[in-house]
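Fold and contact review
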Amino acid sequence: MRKLKRRAISIILIAILIIAGLGVFSIRLYNDGADWAAFRGNGNVFSSGKLTTGSLLSREGELLLRFTKDGSEYSADADTRLSTVHVLGDKLGNISGGAASLYRDELVSYSLVNGVYSEEGESIRLSISSELSKAALSELNGRNGAIGVVNYKTGEILCMVSAPTFDPEGDGTDVTDGAFLNKFISSGFTPGSVFKLVTLTAAIEEIPDLYDRSFHCDGTCEVGGVKIACTHAHGDMKIEDALAASCNCTFAALAFELGADTMADYAKMLGITESFTIDGARVAAGKYDGEGELLPWSGVGQGRDLAVPAAMLRFVSAVANDGLCALFSYKYGGAGAERRLIPEDTAEKVALMMSYSVAKTYGRENFPGLSLAAKSGTAEVGGGKEPNAWFVGFSTDEAFPVAFVVMIENGGSGTYSAGRVANAVLQEAKKLF
């Protein structure tokens, strides 16, 4: 009788363990089944570690990249391939953070009930516009740099172009130095005067009488024992005119008053020196250095300051969106989440001054049909090279909620070089709304 009882207990314990094991397996299957299906060793959807199923489509529904058992097939249009390869990734995996790897799990046709149920896989519609991307690359006109356009309400990236680029269907002879680098997310550049928006944000919040002050510029000044050169003698100005004139003396003095620690805190808080991700793709962190004699120049975006184009775009997107930063995504419809980057009243003040800069300095007539708030940057890089040209900002038209960044390496004047490119790209972007 005792043996029978022990056997019964053993059977019950074994049954409990089996049920518990099945429960754990079921939970893992529910949570991780898609990852298991997309494991590179799954011969149904991979061949020699390469995906053989699924398609990536543009915002317009155009095929950008299809995976088959015979290999990857990019768009039939060469200009589309050149302008979107950094978003998609290349066949050999030299470009990091491409959509082909980011969405690998979703490209596999998997369901909890049927497992991998289709040889063709899933078609994923990206937020990227092929037409806008081609227009942006054309406007770079052979120059190196990066251009990004985002819907600041949804976080959908409409355009992400990096140059130099190359044809993923080519024979490799067009691959130049730096062509595998996605400069929109992976490269930091001297920001020049676009960084004054960071200094301005810090000053608005930390200097109570900022709007009551009058700033003076004779064309040169000395701040903290450091000689600062300005483009013109701007005379006496209020803060909004100092931004519109992009006065180095004013923003060097503000940085010196704020101090290196406060400036560093705001550079991090506003995302300039903070790394973040776009659908899992890592965006490099920028750099702020206000140590010693670098402090005055750091306030105008010179010295050792570095900014990544994607981070500058996220910052001005938040300014446009009442301080809220929509989570960036390459997928149609956006990621559906957001975080507060700037207090709402501060964002409103920065936006008003950026809009004033367009009206007073850049000229609204240079952006026909557009209502913009913007800031240019002409970033000195030394070595006898032309400055990096920046132009960042956003549309103030609620029916056209886009923010943009244009950065042209050694492009010269931010206003005349990058500003003209921004206008052309935005004119094309309007067709999407």
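Procedures and definitions
- Residues numbered from 1 in each chain as written.
- Predicted model: local features only at pLDDT ≥ 70, side-chain atom pairs only at ≥ 80, totals over all residues.
- Heavy atoms only, no water.
- Helix = DSSP H or I, 4+ residues; strand = E, 2+ residues; numbered from the N terminus.
- Buried < 20%, exposed > 50% of the residue type's maximum accessible area, 1.4 Å probe, protein only.
- Contact = heavy atoms within 4.5 Å.
- Areas by Shrake-Rupley, 256 points an atom, 1.4 Å probe, with all protein chains shown as cover.
- Pairing = 2+ DSSP bridges.
- Axes fitted to C-alpha atoms, helices over the stretch in contact; angles between N-to-C directions.
- Core = buried A, V, L, I, M, F, W, Y, C linked by side-chain atoms within 4.5 Å.
- Domains from an automatic or database assignment.
- Phe/Tyr/Trp six-rings, centres within 6.5 Å; stacked < 30°, edge-to-face > 60°.
- Parallel < 35°, antiparallel > 145°, perpendicular 65-115°, else oblique.
- Patch = residues over 30% accessible without salt bridge, like charges linked within 9 Å, V, L, I, M, F, W, Y side chains within 5 Å.
- Salt bridge = Lys/Arg side-chain N within 4 Å of Asp/Glu carboxyl O.
- pLDDT = per-residue confidence, 0-100.
- Polar contact = N/O pair within 3.5 Å; in protein donor to acceptor, adjacent residues only side chain to side chain.
- Left-handed = near helix turned anticlockwise from the far one by under 90°.
- Nonpolar A, V, L, I, M, F, W, Y, C, P; charged D, E, K, R; others polar.

Turning our attention to the overall build of the chain. Counting secondary structure elements, the chain contains 14 helices and 21 strands. Looking at the chain as a whole, 51% of its 433 residues qualify as buried. Considering only intrachain contacts with a sequence separation of at least 6, the fraction spanning at least 24 residues in the chain is 64%. About 19200 Å² of surface is accessible on the chain, with carbon and sulfur atoms providing 51% of the total.

This next bit is on the sheet that holds strand β3 (residues 55-57). In sheet architecture, strand pairing relies on hydrogen bonds along the backbone and comes in two forms, parallel and antiparallel. Taken in spatial order, the four strands make up an open sheet running β5-β4-β3-β8, and their pairing is mixed. On the outer flanks of this sheet lie β5 (71-74) and β8 (123-125), each paired with one strand and no other. Taking each pair of neighbouring strands and ignoring which way they run, the sheet shows an average axis angle of 15°. Pairing between β3 and strand β4 (residues 63-68): three bridges, direction antiparallel. Across the sheet, the residue bridging to leucine 57 is leucine 63, located in β4.

Here we take up the sheet that holds strand β20 (residues 388-395). Strands sit in the order β10-β9-β21-β20-β19 across an open sheet of five strands; the sheet is antiparallel. With partners counted over all chains shown, the strands left at the sheet margins are β10 (157-163) and β19 (372-379), one partner each. On average, each strand axis in the sheet is inclined to that of its neighbour by 5°, with strand direction left out of account. Helix α13 (residues 344-362) contacts β19 and β20 of the sheet and is inclined by roughly 75° relative to β19.

Extensive coverage of β10 is indicated by the burial of seven of its seven residues. Sheet topology places strand β9 (residues 145-151) next to β10; six bridges connect them, and they run antiparallel. Counted as the bridge partner of valine 150 is isoleucine 157 from β10.

What follows is about the nonpolar core. In this structure, Leu126, Phe184, Tyr330 and Trp390 are the most contacted members of the largest nonpolar core, which totals 91 residues. Here the element with the most residues in this core is helix α12 (residues 309-320); it accounts for nine residues. Formed jointly, this core draws a minimum of three residues from each of two domains, domain 1 (33-126) and domain 2 (186-430). Among the nonpolar cores identified, the runner-up in size contains 29 residues, and Ala136, Leu372, Ala374 and Val425 belong to it.

Cis geometry marks the peptide bond from alanine 163 to proline 164; its omega dihedral reads 15°. One can find proline 164 in the loop between β10 and α6 (183-186). Unusually for a residue other than glycine, serine 246 sits at a positive phi of about 50°. On the secondary structure map, serine 246 appears in the loop between α8 (239-245) and α9 (248-258).

With that out of the way, let us pick up the packing of aromatic side chains. Tallied over the entire structure, the rule returns seven aromatic pairs. Taken together, a centroid distance of 6.1 Å and an interplanar angle of 10° make the contact between phenylalanine 195 and tyrosine 288 stacked. Residue phenylalanine 195 is found in the loop between α6 and α7 (196-206), and its partner tyrosine 288 is found in the loop between β16 (281-283) and α11 (294-298); the two are separated by 93 residues along the sequence. Each member of the pair, phenylalanine 195 as well as tyrosine 288, is classed as buried. Here the aromatic rings of tyrosine 362 and phenylalanine 391 are separated by 5.2 Å at their centres, their planes lie at 70°, and the arrangement is edge-to-face. One end of the pair, tyrosine 362, is in helix α13; the other, phenylalanine 391, is in strand β20, with 29 residues separating them in the sequence.

What follows covers the packing of α12 against α13. Taken N-terminus to C-terminus, the directions of α12 and α13 make an angle of 105°; their axes are 8 Å apart at the nearest point. The orientation of α12 with respect to α13, classified from their angle, is roughly perpendicular. Contact with α12, carried on its side by Val316, Ala318 and Val319, involves Ala347, Val350, Ala351 and Met354 of α13 and no other residues of that element.

On the surface, Ile9, Ile12, Leu13 and Ile16 cluster together to form a nonpolar patch covering roughly 380 Å² of accessible area. Following the sequence through the fold, leucine 13 ends up in helix α1 (residues 2-37).

On to the confidence of the model for the chain. Confidence in the prediction for the chain averages 89 pLDDT; 87% of positions are at 70 or higher. Per-residue pLDDT stays below 50 along residues 111-117; that stretch engages in 14 contacts with residues further than four places along the chain or on separate chains.

So, about the side chain of serine 355. If you trace the backbone, serine 355 turns up in helix α13. Within the structure, serine 355 has its side chain in polar contact with the side chain of arginine 364 (distance 2.9 Å). Contacts of serine 355, omitting those with residues within four sequence positions, involve Arg364, Leu372 and Ala373.

This brings us to the packing of α7 against α9. Remark: α7 packs on α9, axes separated minimally by 10 Å, with the N-to-C direction vectors making an angle of 55°. Taken as axis vectors, α7 and α9 run oblique relative to one another. Between α7 and α9 the crossing geometry is left-handed. Contact with α7, carried on its side by Lys196, Thr199, Leu200, Ala202, Ala203 and Glu206, involves Asn248, Phe251, Leu254, Ala255 and Leu258 of α9 and no other residues of that element. The residue inventory of the contact of α7 with α9, partitioned by class, reads seven nonpolar, two polar and two charged.

On the secondary structure map, serine 417 appears in helix α14 (residues 414-429). The spacing of serine 417 and alanine 389 is 28 residues in sequence and 6.6 Å in space, taken between C-alpha atoms. Non-local contacts of serine 417, meaning those with residues more than four positions away in its chain, are made with Arg143, Ala389, Ile408 and Gly411.

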